[in-house]
Amino acid sequence: MRKAPPRFPKGRFYVVMKDRNGEGAWSQDLLPAQGPRARGDGELRERLVEMRGIRKSFPGVQASDGIGLTLARGEVLALLGENGAGKSTLMNILAGLYRPDAGEIHIRGERVRIESPRDAAALGIGMVHQNFMLVDSMTVAENVVLGQRGLPFVPDLRAVKRRILELSARYNLSVDPEAYIWQLSVGEQQRVEILKLLYREADILILDEPTAVLTPQESEELSAVVHRMRGEGKAAIFITHKMEEVMTFSDRVMVLRRGRVVAEKTTADTDPKELARLMVGREVLFRVEKAPFTPGEPVLELRGVSATDDRGLPALRGISLSCRAGEILGIAGVAGNGQRELAEVVTGLRAAKEGLVSINCVETTNASPLSIIRRGVAHIPQDRNQVGAVGDMSVAANLAMKGYRSRPLSSGGIIRPSRFRDLARRLIELFKIATPSTETRIKFLSGGNIQKAILAREIGACGSLLVAVYPSRGLDIGATEAVRNELVAERDKGRAVLLVSEDIDELLSVADTIAVLFEGRVMGVFPAAEADAERIGALMAGMEEGGKRT
Amino acid sequence: MNIHFEKRKSLSRTALVLVPLASLAASLVLTGIILILSGADPFATYRAMFRGAFGSFRAFTETLVKAIPLTLTGLGVSVAFRLKFWNIGAEGQLTVAGVAAAAIALFLSPFLPAWALLPAAVIAGALAGAVWAGIPALLKTGLKVDETLVTLMLNYVAILFSEYLYYGPWRDPKGYGFPGTAPFPEAAWLPRIAGRAHAGLWVALALALFLWLLLARTRWGFELSIIGNSPRAARYQGIAVERNIVLAVLLSGALSGLAGAFEVTGISHRLQQGLSIGYGYTAIIVAWMSQLNPLAIPFVALLMAALLVGGDQVQMAMGLPAAMGFVMQGMILFPMLAGSLFTEYRLKIARA
Ligand SMILES: Nc1ncnc2c1ncn2[C@@H]1O[C@H](COP(=O)(O)OP(=O)(O)OP(=O)(O)O)[C@@H](O)[C@H]1O
Ligand SMILES: [Mg+2]
């Protein structure tokens, strides 16, 4: 048995880092260790990872309930399961962030104890988390070597950069080693996370919902990287909610439900329908029922709206759109083409530099967020952890954050906590939010359940317009189906829905009208019934209708 | 078997009460070691301290005298801390309030009816405290100037300004050169309830209850906790973040200001040297130890006051430095900070 190293040996410097939720603080070593890590080479065993009888409970939930998992060299295992099934928990155990209550872990046939991410790294295990863990104010190269063992006190960053360029060429992961993290898009940040693992020569890679934030092209690139690594004898565990990705990425699939393994299949022997059924425990209809499209008066109107992004660069360039009552206007486009800014301008969170915004025929250009909320506008924001929910407040408080200004949640400036709880119980029931109690701090819910809570609150507060930015991102198929049905229900109630999505199938099945955004411009607007995926795809890539690139 | 920490889902109520008590116990042990090292008998010292703080009616009222400003400044500091506005300027806010109250009491008595003099002085004090806190609040929300530095620096400005006044233009000509203003007219004296303890006690207790209700039960309190946890989320919910931070910090300054106004109108009846014995700094310990809970603050303030008064007594009775009271205060803070781990985390024992 390997003896776990002490967590903070003397005479070393550490940086303590936190992920974006402020959770999972861990420390990283800045000074060199002795030599290259010892590995049982020579006798390379087929089985890289074996987890047996892993159990882990959190107050009120059994997140892992006796899970066994194996991973062989050169294999890609897809981990599938509903929101809150315990996928991230299991992987965090393997990566040394959580310790299991019971169970054994064997790496290359040897029983090990993984007490910290450093232990995991020493064993060649690397994880890309659901929320990235990079230091914003440092460069790519600095982030890559941060926490590296065997690093001299003043690292030779030139050599590091060379190595990064080498790796990025080999795996086709283009990143500028000198760029600062805050300058990078989400997709680029993820490349940095992967480079970090490659740099460390990790051969057991864990990717927790890596594609949730990626554009379809970026997902394909990632798939190529994973295949290449597999060819080199590395192995990967891959979490996703998208069935097509399971089929294209993986060799084997394991399905979790409520902390238990409910099925294990060879990918070639299964199909998306079966997997969906195994995951949810019932048949999933990948179909949305809609009433006929009978649009009413325009609710949201934008005329020539321009705005800049956080760095002051133009993000919207003269957008004109209109969304009518009883209509779902789908905004298609590769992430980062102005979608977020569009939603923020509509909801008053970002100033419009030019143009007019009006809601129900009243001009609301640059009105305060509160006055826009008062006009019955609800908003499901892109950033659910920092903006949509307040992690350290209870589920009940988070659910009350739209309605607390008026009866029944408050009267005369006084809030009624018991009514907060009543509301929370109702919404938890209605939207099937998995939480131990109404008083649990919301950051302890799984990613998908946090999103469900935000959705429940916003839909409840919607009076005339619902702005939904990637509402089904990170949701399991059951929840995705539920979200789509909710959006359609809002439309059928006569509300206008602005739906930002990068999932073309979602737009085609849910939206009535589709507008494609590219570099802050509207490339085209057409009824969803007349659209096809190829045409949307071409417009998303900046091709004009004639087929030439702008 | 292995033991480790795990983050709690909700703050443990038991831990919220136990941690401060355990820190107190730990600090007694730690201070005991220091006492032994300096050649004193810790038990005798603690007994003397306790007797000094609670041993007689007079002693108890003296403890109350110190508990009142500690409660008020503790409340003030905790309001700001809840918004992650690190107001360490309660000392300065208290001092300018003393100056403002003195100005009213000294110079406005010919123009005001007698009954109005005291309320005017107290209100002026609270307003001055608010203004003094408002400066860093506006600098922070308007220009993103770090509030920690500004509030700290303004402490020195306030203290030196008050010294200038009672050494210079406001010095009592009949005061035999003693640094201080002339005594206030009696109309500006705050009534006393026992010994030197004054009616500010009732105000402080009422404000603690009021503040708790304000934070836990009102819409504004709910908005403040959203802002304190995540300003970006607050903005998204339509809450005017900057304005509310400024308002809450004004409230924070006003509370500390009340403490200063009560000190001059209730205790010294003049502005003089020694207006504050570091209440504004001890308030930070009070606020942390109460976990920013207004209902806990009066009790913690009483405890801290007892340490101060008891420390003085130890000096007289046992020949130990009075600073021993401060040493104990510091000693409480360390276990307290370590102990807050237990309110956020719990120990988990696992068999592996
Ligand atoms: N640090 C934690 N403290 C308390 N409970 C937790 C913690 N992490 C996870 N849980 C709970 O454990 C369960 C499993 O969560 P986990 O994050 O593993 O789900 P998941 O399968 O990754 O879901 P998703 O697809 O939504 O990301 C959930 O009920 C969650 O609320
Ligand atoms: Mg997860």
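Anything mentioned here points back to the structure above.
Below is a summary of the structure that appears in this document. The structure displayed is predicted, hence computed values, not measured ones.

1. Topic: the overall build of chain A
Regarding its fold elements, chain A presents 17 helices and 24 strands. Out of the 550 residues in chain A, the part that is buried amounts to 56%. For chain A, long-range pairs separated by at least 24 residues make up 67% of all intrachain contacts whose partners lie at least 6 apart in sequence. Accessible surface for chain A amounts to roughly 22,800 Å². Of this, 50% is attributable to carbon and sulfur atoms.

2. Topic: the overall build of chain B
Helix and strand content of chain B: 13 helices and 4 strands. For 352 residues, the compact-globule estimate of 2.2 N^0.38 gives 20 Å, and chain B sits close to it at 21 Å. Seen through its principal axes, chain B has C-alpha atoms that stretch 80 × 60 × 30 Å. A buried classification covers 55% of the 352 residues belonging to chain B. Taking the contacts inside chain B whose residues are at least 6 apart along the sequence as the reference set, 78% of them involve residues at least 24 apart. Between the averaged position of the 25 positive side-chain charges in chain B and that of its 14 negative side-chain charges there is a distance of 10 Å.

3. Thoughts on the sheet that holds strand β11 (residues 252–257) of chain A
Residue and element names in this part refer to chain A. In space, the 6 strands of this open sheet follow the order β8-β9-β10-β5-β11-β12, with mixed pairing throughout. Edge positions in the open sheet fall to β8 (125–128) and β12 (260–266), since each of these has one partner strand only. Each strand of the sheet is rotated relative to its neighbour by a mean of 20 degrees, with strand direction disregarded. Pairing of strand β5 (residues 76–81) with β11 involves 5 bridges; the strand directions are parallel. Note that in β11 the partner of Leu80 across the bridge is Val255.

4. Thoughts on the pairing of strand β24 (residues 521–527) of chain A
Residue and element names in this part refer to chain A. The sheet contact formed by strand β23 (residues 513–518) and β24 spans 6 bridges and is antiparallel. Within β24, the residue paired with Leu517 across the bridge is Val522. Between β23 and β24, which pair antiparallel in sequence order, lie 2 residues; one of them, Glu519, sits at a positive phi of approximately 45 degrees.

5. Here's the deal with the site of ligand 1
Not every one of the 21 residues close to ligand 1 is listed here, only the nearest: Gly84, Lys87, Ser88, Thr89 and Phe444 of chain A. Bordering ligand 1 are residues originating from chains A and B. Between ligand 1 and the protein, one listed contact pairs an oxygen atom with a side-chain N or O atom of Ser88 of chain A at 2.7 Å. Thr89 of chain A is positioned with one of its side-chain polar atoms (N or O) 2.5 Å from an oxygen atom of ligand 1. Here the residues of the shell around ligand 1 sort into 7 nonpolar, 10 polar and 4 charged. Both domain 1 (45–280) and domain 3 (388–461) of chain A contribute no fewer than three residues apiece to the shell around ligand 1.

6. Examining the sheet that holds strand β13 (residues 298–308) of chain A
Residues and elements named next belong to chain A. Read across the sheet, 4 strands follow the order β14-β13-β16-β17 without closing on themselves; strand pairing throughout is antiparallel. Two strands in the sheet have a free side with no partner beyond their single neighbour: β14 (314–324) and β17 (362–363). Two elements, β13 and strand β16 (residues 354–359), share 5 bridges in a ladder whose sense is antiparallel. Pairing of Glu301 across the sheet is with Ser358, part of β16.

7. Observations regarding helix α12 (residues 297–318) of chain B
Spanning 22 residues, α12 of chain B covers 30 Å between terminal C-alpha atoms, matching the ideal 32 Å at 1.5 Å per step. Once α12 of chain B ends, the next one or two residues include Gly319 of chain B, with phi positive near 70 degrees.

8. A short note on the interface of chain A and chain B
If you look at the interface, chain A gives 49 residues, while chain B gives 31 residues. For the pair chain A and chain B, the summed buried area comes to about 3,400 Å², and 53% of that belongs to carbon and sulfur atoms. For chain A, the biggest contributors to the area lost against chain B are Pro59, Tyr404 and Arg441 of chain A; these three give 16% of the whole. Here chain A is connected to chain B by 2 salt bridges. Of the charged contacts, one joins Glu223 of chain B and Arg405 of chain A as a salt bridge, the two residues approaching to 4.0 Å between their closest N and O atoms. At the junction of chain A with chain B, the criterion picks out 12 residue pairs in polar contact (both at pLDDT 80 or more). Of all the secondary-structure elements, those providing two or more residues to the side of chain A that touches chain B are β3 (47–58), α10 (369–374), α11 (384–388), β20 (414–415), α13 (417–431) and α14 (447–461) of chain A. Broken down by class, the residue content of the side of chain A that touches chain B amounts to 25 nonpolar, 8 polar and 16 charged.

9. Considerations on the nonpolar core
Ile514, Val516 and Ile536 of chain A together with Phe222 of chain B are the most contacted members of the largest nonpolar core, which totals 150 residues. With 13 residues, helix α10 (residues 241–268) of chain B is the largest single contributor of residues to this core. Taken domain by domain, this core gets at least three of its residues from each of domain 2 (286–376 + 464–550) and domain 3 (388–461) of chain A. When sequence neighbours within four positions are dropped, the list of residues in contact with Ile536 of chain A reads Ala332, Ile504, Leu508, Ile514, Val516, Phe526 and Ala531 of chain A. Counting 34 residues, the second largest nonpolar core, distinct from the first, contains Phe132, Leu134, Val144 and Leu222 of chain A.

10. Digging into the packing of aromatic side chains
With the rule as written, the count across this model stands at 11 aromatic pairs over all chains. Where Phe238 of chain A meets Phe249 of chain A, the ring centres are 4.3 Å apart and the plane angle is 15 degrees; that geometry is what we call stacked. One end of the pair, Phe238 of chain A, is in strand β10 (residues 235–239); the other, Phe249 of chain A, is in helix α7 (residues 243–249), and 11 residues separate them in sequence. Accessibility classification places Phe238 of chain A together with Phe249 of chain A in one group, the buried group. Each ring, one from Phe107 of chain B and one from Trp170 of chain B, has its centre 5.2 Å from the other, and the planes form 65 degrees; the classification is edge-to-face. With Phe107 of chain B in helix α4 (residues 90–107) and Trp170 of chain B in the loop between α6 (147–167) and β2 (192–194), this pair connects stretches of sequence that are 63 residues apart. By relative accessible area, Phe107 of chain B is classed as partly exposed at 41%. Residue classification places Trp170 of chain B among the buried positions, given a relative accessible area of 17%. Of the aromatic side chains, those joined through ring pairs into one cluster are Tyr404 and Phe420 of chain A together with Phe222 of chain B. Positioned over the ring face of Tyr199 of chain A is Arg163 of chain A, at 4.9 Å from the centre of the ring. Directly above the aromatic system of Tyr470 of chain A lies the positively charged group of Arg473 of chain A, at a separation of 4.1 Å from the ring centroid.

11. Quick notes on unusual backbone geometry
Residues and elements named next belong to chain A. In this chain, Arg407 is followed by Pro408 through a cis amide linkage whose omega measures 0 degrees. If you check the backbone angles, Asn172 has positive phi at about 65 degrees while not being a glycine. Within the element layout of this structure, Asn172 appears in the loop between α4 (157–171) and α5 (186–199). Relative accessible area serves as the criterion here: at 62%, Asn172 is assigned to the exposed category. Phi at Asn366 takes a positive value of approximately 55 degrees, unusual for a residue other than glycine. Inspection of the secondary structure assignment puts Asn366 in the loop between β17 and α10.

12. Looking at the side chain of Glu223 of chain B
As for its position among the elements, Glu223 of chain B is in helix α8 (residues 219–229). Contacts of Glu223 of chain B, omitting those with residues within four sequence positions, involve Tyr404 and Arg405 of chain A together with Ile239 and Asn244 of chain B.

13. Side note on the packing of α4 of chain B against helix α11 (residues 279–289) of chain B
All names here are of chain B. Where α4 contacts α11, the axes come no closer than 6 Å and their chain directions differ by 135 degrees. Taken as axis vectors, α4 and α11 run oblique relative to one another. Note on packing geometry: the crossing formed by α4 with α11 is right-handed. Along the contact surface, α4 presents Ala90, Glu91 and Leu94, while α11 presents Tyr279, Gly280 and Tyr281. Residues of the contact of α4 with α11, tallied by class, amount to 4 nonpolar, 1 polar and 1 charged.

Conventions and cut-offs
Residues numbered from 1 in each chain as written. Chains lettered and ligands numbered in written order. Predicted model: local features only at pLDDT ≥ 70, side-chain atom pairs only at ≥ 80, totals over all residues. Heavy atoms only, no water. Helix = DSSP H or I, 4+ residues; strand = E, 2+ residues; numbered from the N terminus. Buried < 20%, exposed > 50% of the residue type's maximum accessible area, 1.4 Å probe, protein only. Contact = heavy atoms within 4.5 Å. Areas by Shrake-Rupley, 256 points an atom, 1.4 Å probe, with all protein chains shown as cover. Rg over C-alpha atoms; globule rule 2.2 N^0.38 Å. Lys, Arg positive; Asp, Glu negative; His and termini not counted. Charge placed at Lys NZ, Arg CZ, Asp CG, Glu CD. Pairing = 2+ DSSP bridges. Axes fitted to C-alpha atoms, helices over the stretch in contact; angles between N-to-C directions. Near = heavy atom within 4 Å. Polar contact = N/O pair within 3.5 Å; in protein donor to acceptor, adjacent residues only side chain to side chain. Nonpolar A, V, L, I, M, F, W, Y, C, P; charged D, E, K, R; others polar. Domains from an automatic or database assignment. Expected span 1.5 Å × (residues − 1). Buried area = accessible area lost by both parts, 1.4 Å probe. Salt bridge = Lys/Arg side-chain N within 4 Å of Asp/Glu carboxyl O. Core = buried A, V, L, I, M, F, W, Y, C linked by side-chain atoms within 4.5 Å. Phe/Tyr/Trp six-rings, centres within 6.5 Å; stacked < 30°, edge-to-face > 60°. Lys NZ or Arg CZ within 6 Å of the ring centre and 35° of its normal. Parallel < 35°, antiparallel > 145°, perpendicular 65-115°, else oblique. Left-handed = near helix turned anticlockwise from the far one by under 90°.

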